[in-house]
Amino acid sequence: MRIGLVAGPWIPVPPVTYGGTERVVDTLARGFAAAGHEVLLAAPSDSACPVPRVPGMRPSSPDALNFSLSELSHVARAYEGLQDVDIIHDHTLAGPLYLHRPEGVPTVTTIHNLIGEDAVDIYRAVGRQGAIIAISRDQALHAPEVPVTRVIHHGMDMSAVPVGSGRGGYLCFVGRSCPDKGLLEAITIARRARMPLKIAVKMREDDEVSYFRDVIEPMLGSNEEFVGEIDNAAKYRLMGEAVAFLNPIQWSEPFGLVMIEALATGTPVIGTPIGSAPEIIEPGRTGFLGDTVKLAGYVEAAAALDRASCRRAAEERFSAERMVDEHLQLYRDLLERRTLAGLPHAVAVHQNL
């Protein structure tokens with residue numbers, strides 16, 4: 001197949017530090033190419049993903065994150081260069097609604113965020129013209145009126161992720177500086193468990209900076225070590241030496257890529273049973289889920305879990321190969337016109353959940 005991929009305009013593919021969606025796009029592009037398919041990637045010009053890329057794209061623009069004009073301009077340039085492909089997988093919000101897509105070429109879109117009230121209208125319109133991938137059953141069930149074609153969990157390349165010893169004597173938190181990610185709760189959990197906490201957070205946008213300055217920084221004490229935003233190698237070392245990874249999210253996160261990254265390093269996850277977490281964590285094998293106030297009580301049990309079992313679970317359920325294969329099968333179904341598009345939307349959704 002000749003596969004066109006469209007990433008967003010704001011972060012290069014792969015990301016240098018934070019960027020879950022861009023990391024997934026990079027993994028798909030490499031996986032498709034390794035499987036013998038032709039891949040053409042529309043991504044910011046400073047991307048380093050080793051596949052052919054659409055020429056004429058602009059550099060990444062993190063300062064314009066979520067600005068509509070930035071995305072629309074990016075999409076127009078992307079589709080100019082995707083006229084000779086068999087299928088297009090678009091990871092932007094605006095792209096699947098773009099008027100000048102190549103005629104007759106199936107378009108797939110992945111929903112990477114929670115399907116809010118406004119997004120429902122957009123994805124209902126997208127579903128009339130193309131296939132929609134949800135990244136967790138929980139995400140899809142939050143908006144049953146959106147015609148989800150498949151649920152495909154994220155995966156990652158674990159070949160370069162070392163399994164750590166877990167003997168660092170600390171807990172760790174990796175995420176964004178915002179209330180939803182549960183950083184404040186992580187600090188409380190670590191203190192109740194009498195365990196040091198190492199904190200690595202993305203803090204670029206104004207709201208992230210203000211949350212950290214106004215809420216988190218006044219809380220920091222001798223039990224916490226703030227390490228800032230770190231690259232993948234440093235992140236995997238941080239996770240791998242931690243006794244457990246804290247993920248007390250406070251919102252219905254569609255998919256917590258950071259959880260499978262922790263499992264890949266052999267580190268169990270302690271978190272809240274919200275969003276996709278119950279689809280990722282196997283209580284008693286790869287971590288523990290519970291109410292925030294109870295999570296400190298799981299630290300000792302998490303420390304006793306088999307780290308090799310955590311890694312095996314990640315490899316068995318969340319490998320790049322599995323994710324790539326499931327995407328390719330959907331593409332084949334669409335190209336062969338063996339798709340759920342002709343079934344009632346409710347049937348299509350529930351068959352895939």
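For the structure, check the block above.
Just so we're clear, the structure is a prediction, and the values are computed from it rather than from any experiment.

Caption draft 1: Here's a closer look at the packing of helix α8 (residues 257–264) against helix α11 (residues 307–317). Close contact between α8 and α11 brings their axes to 7 Å; oriented N to C, the two are set at 130°. Here α8 is positioned oblique relative to α11, judged by the angle of their axes. Residue-level contacts link Ile260, Leu263 and Ala264 of α8 to Cys310, Arg311 and Ala314 of α11. When the residues that make up the contact of α8 with α11 are grouped by side-chain class, the tally is 5 nonpolar, no polar and 1 charged.

Caption draft 2: Fine view of the sheet that holds strand β1 (residues 2–6). With respect to topology, 6 strands assemble into an open sheet ordered β2-β1-β3-β4-β5-β6, the strand pairing being parallel. Of all the strands in the sheet, just β2 (38–42) and β6 (150–151) have a single pairing partner and so form its edges. Sheet analysis places β1 next to strand β3 (residues 87–90), joined by 4 bridges and oriented parallel. From the neighbouring strand, glycine 4 faces β3, where its bridge partner is isoleucine 88.

Caption draft 3: Geometry of the nonpolar core. Within the largest apolar cluster, 56 residues are counted, with the highest numbers of intra-cluster contacts made by Leu5, Phe32, Leu41, Val108, Phe245, Ile280 and Tyr331. Top element by residues in this core is α8. It accounts for 7 residues. Leave out the neighbours within four places in its chain, and leucine 5 touches Val25, Ala29, Phe32, Val39, Leu40, Leu41, Ala42, His89, His91 and Tyr331. Counting 24 residues, the second-largest nonpolar core is a separate cluster that includes Tyr211, Ala244, Ala296 and Ala302.

Caption draft 4: Molecular detail of the pattern of salt bridges. One pass over the structure, following the stated rule, counts 20 salt bridges. Note that arginine 285 and glutamate 316 form a salt bridge whose closest N and O atoms lie 3.6 Å from each other. On the criterion of sequence distance, the pair formed by arginine 285 in the loop between α9 (277–280) and β12 (287–289) and glutamate 316 in helix α11 is long-range, its members being 31 residues apart. Overlapping salt bridges bring together Arg176, Lys202, Glu205 and Glu208 as one network.

Rules and cut-offs
- Residues numbered from 1 in each chain as written.
- Predicted model: local features only at pLDDT ≥ 70, side-chain atom pairs only at ≥ 80, totals over all residues.
- Heavy atoms only, no water.
- Axes fitted to C-alpha atoms, helices over the stretch in contact; angles between N-to-C directions.
- Helix = DSSP H or I, 4+ residues; strand = E, 2+ residues; numbered from the N terminus.
- Parallel < 35°, antiparallel > 145°, perpendicular 65-115°, else oblique.
- Contact = heavy atoms within 4.5 Å.
- Nonpolar A, V, L, I, M, F, W, Y, C, P; charged D, E, K, R; others polar.
- Pairing = 2+ DSSP bridges.
- Core = buried A, V, L, I, M, F, W, Y, C linked by side-chain atoms within 4.5 Å.
- Buried < 20%, exposed > 50% of the residue type's maximum accessible area, 1.4 Å probe, protein only.
- Salt bridge = Lys/Arg side-chain N within 4 Å of Asp/Glu carboxyl O.

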